[in-house]
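Chain by chain, the residues run as shown.
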Amino acid sequence: MSSEQAAEGNQQVWDVVVVGAGPAGASAAHAAACAGRRVLLLEKAELPRYKTCGGGIIGPSRDSLPPGFELPLRDRVHAVTFALNGRLTRTRRSKHMLFGLINRPEFDAALVESAKDAGAQVRTGVTVTRVEQHGANVPDRRTVAVVLGDGEVVLARAVVGADGSASRIGAHVGVKVDQVDLGLEVEIPVPETVAEDWAGRVLLDWGPMPGSYGWVFPKGDTLTVGVISARGEGAATKRYLEDFVGRLGLAGFEPRISSGHLTRCRADDSPLSRGRVLVCGDAAGLLEPWTREGISFALRSGRLAGEWAVRISEAHDAVDARRQALNYAFAVKAGLGVEMAVGRRLLAVFARRPGVFHAALTGFRPAWRAFAKITRGTTTLAEMVRTHPLARRALEALDRAEASGPTAPAARPAEVGDPEPAAERQ
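The structure displayed is predicted, hence computed values, not measured ones. Residue indices follow the written sequence of each chain, beginning from 1 at its first position. With pLDDT at 70 or above as the cut-off, local features in this predicted model cover only qualifying residues; side-chain atom pairs require 80 or more to be listed or tallied, and sums for whole chains, interfaces and linings still use all residues. As a rule here, side-chain values cover all heavy atoms of the structure and leave hydrogens and water aside.

**Q** Pulling in residues and values, what's your account of the environment of Ala 251?
**A** Helix and strand assignments come from DSSP, with helices taken as H or I runs of at least 4 residues and strands as E runs of at least 2, each series counted from the N terminus. In this fold, Ala 251 is placed in the loop between helix H6 (234-247) and strand S16 (257-266). Placed 63 residues apart in sequence, Ala 251 and Ile 188 show a C-alpha to C-alpha distance of 9.5 Å. Those residues in contact with Ala 251 that lie beyond four places of it in its chain are Val 245 and Gly 246. The contact criterion used throughout is that any non-hydrogen atoms of two residues lie within 4.5 Å.

Structure follows, in structure tokens:
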């Protein structure tokens with residue numbers, strides 16, 4: 001535990017300051033606090049607070065939670081209905097839970113409590129305007145100054161930026177993105193009869209615009225309904241959501257919350273650190289490019305950032321701090337970076353040929369099994385492509401098909417209600 005004081009003003013110096021108390025920031029704070037360091041977690045909102053997010057907790061997310069963490073699940077998903085822009089619907093079912101559904105305000109608040117239990121201190125309602133690694137606010141080369149909105153300066157040996165996709169810490173680091181998407185979402189309270197129809201089942205609807213899709217996630221007496229598409233298609237994305245809600249027969253129910261959010265995927269050469277400052281989660285542009293799933297990436301990168309921030313806080317010179325920061329970047333790229341690379345390939349094909357994906361998931365048993373294994377967390381997309389020749393050949397075939405131009409219409413999958421062989425249930 002650090003006991004050094006700043007040269008001027010006898011000001012406390014934290015070992016690690018984490019900016020942003022979402023899943024990435026809370027995970028980073030938890031990891032650093034578990035190492036016995038003095039950790040401060042800063043959040044601009046008051047907790048709990050709403051975030052635009054489907055709230056799906058897949059296997060990699062569950063595996064990355066703090067030990068003993070109890071998920072505040074609102075539902076357990078055992079079935080997925082797939083649709084191609086409202087057509088050719090088919091439901092696949094699993095004997096085992098595929099993934100869980102949470103409300104982000106409850107989930108994020110519980111993660112912050114875990115960080116506090118590990119020893120981190122939390123300040124909410126605090127806006128961070130910038131970080132400085134040189135200048136009058138920085139007493140020595142081992143210190144980073146975190147400047148708050150009211151002018152207060154907080155000093156740290158290492159800083160973790162987890163302040164979302166519009167991250168100020170990311171701007172300091174120089175994060176670059178090459179994919180920006182717009183997600184729109186409504187939270188719709190529904191009667192018990194409607195809720196019962198959706199219980200344990202989600203809908204994934206491949207949308208009308210390239211790379212777009214919609215979802216319905218049930219959470220007790222509320223349905224989370226959303227769509228996502230590339231930025232720049234704002235009006236069309238809004239129409240897609242309106243048409244989607246109407247098609248589902250939910251237009252007569254008043255949404256409790258309507259919200260929007262931009263997701264940003266990092267470019268391959270985007271930095272993950274600058275000096276003693278690391279970024280993780282959305283602030284680093286870390287999410288799955290095809291599905292835009294970000295919670296598992298936030299939890300995993302946050303934990304790594306917290307662990308390596310501890311090492312940076314112990315570095316006595318810039319060379320050692322740089323070495324530790326590079327080790328953090330290597331750890332992220334070796335795991336999450338590989339998954340993102342596969343996701344980019346899938347998105348490129350999906351954007352042009354959604355019917356191929358739909359036909360595979362609804363009519364090709366190995367594709368459904370792969371989907372189930374990935375969501376349950378028994379494998380990852382990257383691991384499957386690396387270790388399974390069939391998956392690798394299928395992705396290579398999709399790459400070739402994507403390069404060759406438009407495809408013929410996909411074969412008709414079975415409609416909902418068609419007999420589903422027991423062998424297709426995983």
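**Q** Quick one: what's the story with the side chain of Asp 15, residue by residue and with numbers?
**A** Relative to the assigned elements, Asp 15 resides in strand S1 (residues 13-19). Of the side chains with opposite charge, Arg 37 comes closest to the buried, unpaired Asp 15, at an N-O distance of 4.8 Å. In protein, a polar contact requires one atom able to donate a hydrogen and another able to accept it; more generally it is a pair of N or O atoms within 3.5 Å, and residues adjacent in sequence count only if both atoms are side-chain atoms. Reaching out from Asp 15, the side chain makes a polar contact with the backbone nitrogen of Arg 38 at a distance of 2.9 Å. Only protein chains enter the accessibility calculation, which uses a 1.4 Å probe; a residue whose area is less than 20% of its type maximum is buried, one above 50% is exposed, and one in between is partly exposed. For this count, His and the chain ends are skipped, Lys and Arg are scored as positive, and Asp and Glu as negative. Any carboxyl oxygen of Asp or Glu that lies within 4 Å of a side-chain nitrogen of Lys or Arg is treated as forming a salt bridge with it.

**Q** Break down the pairing of strand S12 (residues 177-189) for me, with residues and values.
**A** Most of S12 sits out of view: 10 of its 13 residues are buried. A strand pair is defined by DSSP finding two or more bridges across the two strands. One ladder, built from 10 bridges, connects S12 with S16; its direction is antiparallel. Of the residues in S16, the one forming a bridge with Gln 179 is Cys 265.

**Q** Outline the side chain of Asp 205, supporting the account with residue identities and numerical values.
**A** As for its placement among the helices and strands, Asp 205 is situated in strand S13 (residues 201-206). Polar side-chain contacts of Asp 205 include one of 3.0 Å to the side chain of Tyr 240. Of the polar contacts made by the side chain of Asp 205, one reaches the side chain of Arg 247; its length is 3.1 Å.

**Q** Which residues make up the pattern of salt bridges, and what values do they have?
**A** It is possible for side chains of opposite charge to pair when their charged atoms get near one another. Within this structure, the stated rule accounts for 17 salt bridges. Residues Asp 269 and Lys 176 are paired through a salt bridge, measuring 2.9 Å at the closest nitrogen-oxygen approach. With Asp 269 in the loop between S16 and strand S17 (273-274) and Lys 176 in the loop between helix H4 (168-173) and S12, the pair connects residues that are 93 residues apart, well separated along the chain. One network of salt bridges, in which partners are shared, links Glu 43, Arg 49, Arg 104 and Asp 108.

**Q** Describe helix H1 (residues 23-34), naming the residues involved and giving the relevant values.
**A** Over its 12 residues, H1 extends 16 Å from the first C-alpha to the last, a length consistent with the 16 Å expected when each residue adds 1.5 Å. Counted residue by residue, H1 has 11 buried out of 12 residues, so it is predominantly covered. Against the buried residues of H1 lie S1, strand S2 (39-43), helix H3 (104-117), strand S11 (153-161) and helix H7 (295-314). Residue Gly 36 follows H1 closely and has a positive phi angle near 85 degrees. Each residue after the first adds 1.5 Å to the expected span of a helix.

**Q** Summarise the packing of H1 against H3; cite the residues concerned and give the values.
**A** The geometry of a pair of packed helices is captured by two quantities: the angle between their axes and the separation between those axes. Axis lines are fitted to C-alpha atoms, over the contacting stretch for helices. Their N-to-C directions set the angle, which ranges from 0 to 180 degrees. For the pair H1 and H3, interaxial distance at closest approach is 8 Å and the crossing angle is 15 degrees. In terms of orientation, H1 and H3 fall into the roughly parallel class. The element H1 and its partner H3 pack so that their crossing is left-handed. Residue-level inspection shows Pro 23, Ala 26, Ala 29, His 30 and Ala 33 of H1 in contact with H3, the latter providing Arg 104, Phe 107, Asp 108, Leu 111, Val 112, Ser 114 and Ala 115. Residues are grouped as follows: Ala, Val, Leu, Ile, Met, Phe, Trp, Tyr, Cys and Pro are nonpolar; Asp, Glu, Lys and Arg are charged; every other residue, Gly included, is polar. Of the residues in the contact of H1 with H3, the class split is 8 nonpolar, 2 polar and 2 charged. When an angle is under 35 degrees it counts as roughly parallel; over 145 it counts as roughly antiparallel; between 65 and 115 it counts as roughly perpendicular; any other value is oblique. Should the near helix be turned counterclockwise from the far one by less than a right angle, the crossing is left-handed, whereas a clockwise turn marks it as right-handed.

**Q** Give me the lowdown on the packing of aromatic side chains, citing residues and values where you can.
**A** Ring pairs (aromatic) are described by centroid distance and by the angle formed between their planes. The aromatic pairing rule takes the rings of Phe, Tyr and Trp, using the six-membered ring of Trp, and pairs them if the centres are within 6.5 Å, calling planes under 30 degrees apart stacked, those over 60 edge-to-face and the rest tilted. Evaluated as defined, the whole model comprises 14 aromatic pairs. Ring geometry for Tyr 240 against Phe 244: centres 5.9 Å apart, planes inclined by 35 degrees, an arrangement best described as tilted. On the criterion of helical spacing, the pair formed by Tyr 240 and Phe 244 is a turn pair, its members being 4 residues apart in helix H6. Since its relative accessible area comes to 0%, Phe 244 is described here as buried. Taken together, a centroid distance of 5.6 Å and an interplanar angle of 85 degrees make the contact between Phe 350 and Phe 357 edge-to-face. Since its relative accessible area comes to 1%, Phe 350 is described here as buried. Charge over a ring is defined by NZ of Lys or CZ of Arg lying within 6 Å of the ring centre and within 35 degrees of the ring normal. A cation sits over an aromatic face here: Arg 38 above Trp 14, 4.6 Å from the ring centre. The lysine or arginine in question, Arg 201, covers the ring of Trp 198, its NZ or CZ lying 4.3 Å from the ring centre.

**Q** Please provide a residue-by-residue account of the sheet that holds strand S15 (residues 222-230), values included.
**A** Read across the open sheet, the 7 strands follow the order S6-S5-S13-S14-S15-S12-S16; overall the sheet is mixed. For this open sheet the edge positions go to strand S6 (87-93) and S16, each flanked by a neighbour on one side alone. Each strand axis lies, on average, 20 degrees off the axis of its neighbour in the sheet, ignoring direction. Relative to S6, strand S5 (residues 79-84) runs antiparallel, the two sharing 5 bridges. By the bridge assignment, Leu 84 is partnered in S6 with Arg 87.

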